[in-house]
Amino acid sequence: MTPAPRPVSAPLFEDLPGDISVSFEFFPPKTEKMEEQLWDAITQLAPLAPSFVSVTYGAGGSTRERTHSTVSRLVRETALVPAAHLTCVGASKDEIAEIADQYWEAGVRHIVALRGDPPPAQGGVFIPHPEGYTGAADLVAGLKARHDFDISVAAYPEIHPEAVSADSDLDNLKRKLDAGANRAITQFFFSTDAYFRFLDKVLAAGITAPILPGIMPVTSFAAIRRMSGNTEIPAWLEKMFDGLDERPGPRALVAAVAAADLCRRLYQGGVRDFHFYTLNRAEQAYAICQLLGLRPKAEA
């Protein structure tokens, strides 16, 4: 006996109007080839008119110089709004003030202020510079006292790995925003429930600043697992990538669809601002935006 046909549901991405705002994160290139890849990604994503593009930063002079070079080039050669990352690691307040002044003079008005990951030599424990900032909230206050920067900070829907508790982590977020930050960008996550539960707690704590969801398409499942910390990786997601470790093409396609579906569910819950961790590759972020209905402004 032939089974009765099932009712067909509407297409997942049907009629999404593209009424979203996006931002993209890049990292400074280490080689000439990586620089070509970075600027190719920027060129491809720029027509989507992101609200800002951020450039990551690490402790150490060479990383700082590469970040500053990338951000300065964005100011000179594009119409994009660059956001430079700054951390507390390995720098005095005077050194950070000098960097902040250089950015301001270069026309940079947006800073992503982070405590920063401790270097391996510190055994994974953050130790403030003797003449530096004690954490991100302290850094935000210092930057705001220096210049009227637009400041983004980090948030953790599933708790920072070093936090004593969810309440203490939320208190730390509130301190950063009270110090003058304008918004928070979350660590990547794969559970919409985790994000929306976090928003409920944020609102209950009296926080009204925007909390942008950070979206990380899976370019390497092993790498995502290493970076996850306290982030839950659903069993269904791991199953989707089973057997794709040595097949980058199919893996990229699966990753784009999985991330787009996450964004679609966030959209259904009222989210309209998305931040994408691009890893300096444009294809997946562009495809996700396309599925969400966002089109290049020239085609609007």
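Our subject is the structure listed above.
Conventions and cut-offs
Residues numbered from 1 in each chain as written. Predicted model: local features only at pLDDT ≥ 70, side-chain atom pairs only at ≥ 80, totals over all residues. Heavy atoms only, no water. 1 Å grid on protein atoms, 1.4 Å probe; cavity = no way out; pocket = protein on both sides within 12 Å on 5 of 7 lines; lining within 4 Å. Points joined across faces, edges and corners; volume = space filled by probe spheres on them. Helix = DSSP H or I, 4+ residues; strand = E, 2+ residues; numbered from the N terminus. Nonpolar A, V, L, I, M, F, W, Y, C, P; charged D, E, K, R; others polar. Core = buried A, V, L, I, M, F, W, Y, C linked by side-chain atoms within 4.5 Å. Buried < 20%, exposed > 50% of the residue type's maximum accessible area, 1.4 Å probe, protein only. Contact = heavy atoms within 4.5 Å.

(A) Inspection of empty space enclosed by the protein at higher detail. In the structure shown here, the tally under the stated rule is two cavities of 30 Å³ or more. Its volume calculated, the largest cavity comes out at about 100 Å³. What lines the largest cavity is a set of 13 residues, and nearest its centre among them are F190, L237, A258, A259 and L262. Every element with two or more residues in the lining of the largest cavity is listed here: α8 (235-240) and α9 (248-268). Looking at the lining of the largest cavity element by element, the count peaks at five residues for α9. Classifying every residue of the lining of the largest cavity gives twelve nonpolar, no polar and one charged. There is about 60 Å³ of room inside the second largest cavity. For the second largest cavity, the full set of lining residues is P217, T219, F276, Y277, T278, L279, R281, Q284 and A285. Of all the secondary structure elements, the ones that give two or more residues to the lining of the second largest cavity are β9 (273-277) and α10 (283-291).

(B) Up close: the layout of surface pockets. By volume, the second largest pocket is sized at about 200 Å³. Of all the secondary-structure elements, those providing two or more residues to the lining of the second largest pocket are α9 and α10. When residues of the lining of the second largest pocket are assigned to their parent elements, the largest contribution, five residues, is made by α9. Counted by class, the lining of the second largest pocket contains five nonpolar, two polar and three charged residues.

(C) Structural detail: the nonpolar core. Grouped together as the largest cluster of nonpolar side chains are 67 residues, with contacts concentrated most on F24, L143, L173, I211, F274 and F276. Here this core gets six residues from one element, more than from any other, and that element is α9. Once you skip the residues sitting within four places of it in the chain, F24 turns out to touch L45, L48, P50, F52, V53, S54, H275, F276, T278, A285 and C289. Counting 18 residues, the second largest nonpolar core, distinct from the first, contains F52, F221, I233 and F241.

Taken by themselves, the reported measurements are silent on function.
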